[in-house]
Amino acid sequence: MPPNDSNRNRLLSDSPDGTVSNVASNSTNHTIDTALTSAFWKNDWSNVQKSLSSLRSSLASFPSSPLRIMRVSQLDADLLDFELFDMLKEQLWLSFSLFNPQFKQTFEPELLAILQLIMYRLSIYESGASYGAQLQNLKYRNERQHWGGLQSTAKDSPLTKFQKFVYGALTIGGQYMWMRVNRLVTAQGWGELSEDNPRKVFWKILQKVENVYKSLSLLNFLIFLYDGKYRTLIDRILSMRLVYTRRIMNRQVSFEFLNRQLVWHAFTEFLLFLMPLINLRKLKNILKRKFLPEAYSKSHTLDFLPTHICAICHENQSASNASISSVVTVDSSKIHNPYETNCGHIYCYFCIKTKLIQEDGTWQCLRCGDEVKEITRVLEKLVDENDNDEEENDSIRKNKGKHPEK
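Residues numbered from 1 in each chain as written. Predicted model: local features only at pLDDT ≥ 70, side-chain atom pairs only at ≥ 80, totals over all residues. Heavy atoms only, no water.

If you look the protein up in an unreviewed UniProt entry, it shows as RING-type E3 ubiquitin transferase (cysteine targeting) from Funneliformis caledonium. Of the comments in the UniProt record for the protein, the one headed Pathway (unreviewed entry) reads "Protein modification; protein ubiquitination." Checking UniProt for the protein, the heading Subcellular location (unreviewed entry) contains the comment "Peroxisome membrane". (UniProt positions renumbered as here; feature names shortened; annotations may be inferred.)

Caption draft 1: Spotlight on the overall build of the protein. Looking only at helices and strands, one finds 17 helices and 7 strands in the protein. Counting only residues that meet the buried cut, the protein has 24% of its 406 residues in that class. Taking all contacts inside the protein whose residues are at least 6 apart in sequence as the whole, residues at least 24 apart take part in 61%. Of the accessible surface of the protein, which amounts to about 29,500 Å², a share of 61% is contributed by carbon and sulfur atoms. (Helix = DSSP H or I, 4+ residues; strand = E, 2+ residues; numbered from the N terminus. Buried < 20%, exposed > 50% of the residue type's maximum accessible area, 1.4 Å probe, protein only. Contact = heavy atoms within 4.5 Å. Areas by Shrake-Rupley, 256 points an atom, 1.4 Å probe, with all protein chains shown as cover.)

Caption draft 2: Geometry of the sheet that holds strand β4 (residues 346–348). With antiparallel pairing, 3 strands are arranged side by side in an open sheet as β4-β3-β7. Each end of this open sheet is capped by a strand with a single partner; those strands are β4 and β7 (375–377). When the angles between neighbouring strand axes are averaged without regard to direction, this sheet yields 40°. Alignment of strand β3 (residues 338–341) against β4, held across 3 bridges, turns out to be antiparallel. Bridging across to β4, proline 338 finds its partner in cysteine 348. Each of β3, β4 and β7 touches helix α16 (residues 349–358); the most contacted strand, β4, lies at about 90° to it. (Pairing = 2+ DSSP bridges. Axes fitted to C-alpha atoms, helices over the stretch in contact; angles between N-to-C directions.)

Caption draft 3: Just the nonpolar core, in detail. In this structure, Ile69, Ala133, Leu138, Tyr140, Tyr167, Leu238 and Met240 are the most contacted members of the largest nonpolar core, which totals 20 residues. Of all the elements in the fold, those that place two or more residues in this core are α6 (108–122), β1 (138–142), α9 (161–188), α11 (233–238) and β2 (240–244). If one sorts the elements of this core by residue count, β2 sits on top with 4 residues. What alanine 133 contacts, discounting residues up to four positions off in sequence, is Ala77, Asp81, Leu138 and Leu242. The next biggest cluster of nonpolar side chains, apart from the first, holds 19 residues, and it includes Leu302, Cys348, Leu356 and Cys365. (Core = buried A, V, L, I, M, F, W, Y, C linked by side-chain atoms within 4.5 Å.)

Caption draft 4: Broad picture of the packing of aromatic side chains. What the rule picks out here adds up to 8 aromatic pairs. Between tryptophan 190 and phenylalanine 202, the aromatic rings sit 5.9 Å apart at their centres with planes inclined by 70°, giving edge-to-face as the arrangement. In this pair, tryptophan 190 sits in the loop between α9 and α10 (198–227) while phenylalanine 202 sits in helix α10, placing the two residues 12 residues apart along the sequence. Take tryptophan 190: its relative accessible area is 11%, and that puts it in the buried class. By the ring-pair criterion, three or more aromatic residues cluster together here, those being Tyr120, Tyr125, Tyr140 and Tyr167. Against the face of tryptophan 93 rests lysine 104, its NZ or CZ located 5.1 Å from the ring centre. The side chain of lysine 164 reaches across the aromatic face of tyrosine 125, ending 5.6 Å from its centre. (Phe/Tyr/Trp six-rings, centres within 6.5 Å; stacked < 30°, edge-to-face > 60°. Lys NZ or Arg CZ within 6 Å of the ring centre and 35° of its normal.)

Caption draft 5: Structural context of the pattern of salt bridges. Tallying each qualifying case throughout the model produces 11 salt bridges. Here lysine 200 and glutamate 195 are joined by a salt bridge, their closest N and O atoms 3.3 Å apart. Looking at lysine 200, the relative accessible area reads 6%, which means it is buried. Salt bridges here are not isolated pairs; linked through shared partners, they connect Lys139, Arg141, Glu143, Asp156 and Arg241. (Salt bridge = Lys/Arg side-chain N within 4 Å of Asp/Glu carboxyl O.)

Caption draft 6: View of unusual backbone geometry. Even without being a glycine, asparagine 137 presents a positive backbone phi close to 60°. Tracing the sequence through the fold places asparagine 137 in the loop between α8 (131–135) and β1. With relative accessibility at 11%, the residue asparagine 137 sits in the buried group. Even without a glycine there, the phi angle at serine 239 is positive, about 55°. Mapped onto the secondary structure, serine 239 falls in the loop between α11 and β2.

Caption draft 7: View of the side chain of glutamine 116. One can find glutamine 116 in helix α6. Note on glutamine 116: relative accessible area 17%, which makes it buried. At a separation of 3.0 Å, a polar atom in the side chain of glutamine 116 contacts the side chain of glutamine 175. Ignoring any residue separated from it by four or fewer positions in sequence, one finds glutamine 116 in contact with Phe85, Thr171, Ile172 and Gln175. (Polar contact = N/O pair within 3.5 Å; in protein donor to acceptor, adjacent residues only side chain to side chain.)

Caption draft 8: How the structure looks around the confidence of the model for the protein. Summing up the model confidence of the protein, the mean pLDDT is 77 and the portion of residues at 70 or higher is 74%. Across residues 1–24, confidence stays below pLDDT 50; counting only partners more than four residues off in sequence or on other chains, it has 10 contacts. A low-confidence stretch, residues 323–328 stays under pLDDT 50, and its non-local contacts, those more than four residues away or across chains, total 6 contacts. (pLDDT = per-residue confidence, 0-100.)

Caption draft 9: A look at α10. With 30 residues, α10 extends 43 Å between its outermost C-alpha atoms, agreeing within 8% with the 44 Å of an ideal straight helix rising 1.5 Å per residue. Along α10, the residues classified as buried are Lys200, Leu206, Asn220 and Phe224. Looking at the buried positions of α10, the neighbouring elements they touch are α4 (71–99), α9 and α11. Its side-chain oxygen 2.9 Å from the backbone nitrogen of arginine 199, asparagine 197 forms the N-cap of α10. (Expected span 1.5 Å × (residues − 1).)

Caption draft 10: Quick peek at the pairing of β1. With 4 of its 5 residues buried, β1 lies for the most part within the structure. Summarising the sheet, β1 and β2 pair through 5 bridges and their orientation is antiparallel. Bridge pairing in β2 links asparagine 142 to methionine 240.

In structure tokens:
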């Protein structure tokens, strides 16, 4: 029961100096006001709880604006995670190669699983976001709590322990088991057994499971490109969606720099697509014949080489041995399976045919500089060794008749 005015006057009279400090008076007034206020709204608050609960449950059925997360940010987060894991893996392999390389080859799946488990424990399990996602201002949330009108709420529901456990078991344990089984099947050659062998049947089942998983992953990626919700198939199964950690945040990337990078990237992709379609050797020879004088081309020929030396072999060996300062041997440049060009010079069949195929049927001879368009086989006359021996014996007998021994 709050004190009335008589009680307050009694407290004043009981004080030693007949006064009370302003602090005690203010605290008493505050206690009285708090008691009166709490008694005022407490009943009304309890009365509206039922209505508020029904209102919250009905929010999920109301349409709301969809939450848009940039797809490129989600893919960049995955790429950053992969590059970070690859850097740590390279350092781990380097350390094992210095001490025991065989240990790394034998226990590679176990080492990768331990490294993935450490990264998962320090990132997704503790903060709900991987290192790449944190760099992209992203985190995982439990999408099952954000259906319907709760999709764009300001407060995100964190992941449950079940989601974290299953995610780690599928991403780490599943990959480890798959690597171990594939190693066992490949080492024992189950795919080469007979069709009625149970191990061959198990190998076929593994191949089908892998194909089904790849097909579902591709389908999930196409759906992700459309709605931008679940980046991987495991994320979709567990309803784990990447959302922004801070909704209101300015991008730090300059659009001018971004546009320049996109232009150069598209230009390099176009060059990589165009280069295999251009015959650079033929283009080089055409430019040389067009812009260089004929006297210059003929002055740089290899006509000084002996006739039994292939000029193409000599040129290739000279170019390859120039970097190591090696001497070109004559025996390694001899003509094998000779073919004669329309200009009258002889080359190896493999060398001259390769040049004609590379330059679409026309090639500039290395000995005279003329265009080579046709080649014919050179038929060599084979002499039997017995015939040679008989000719030598005949010559010896003739010489004996002319110069008898004394």
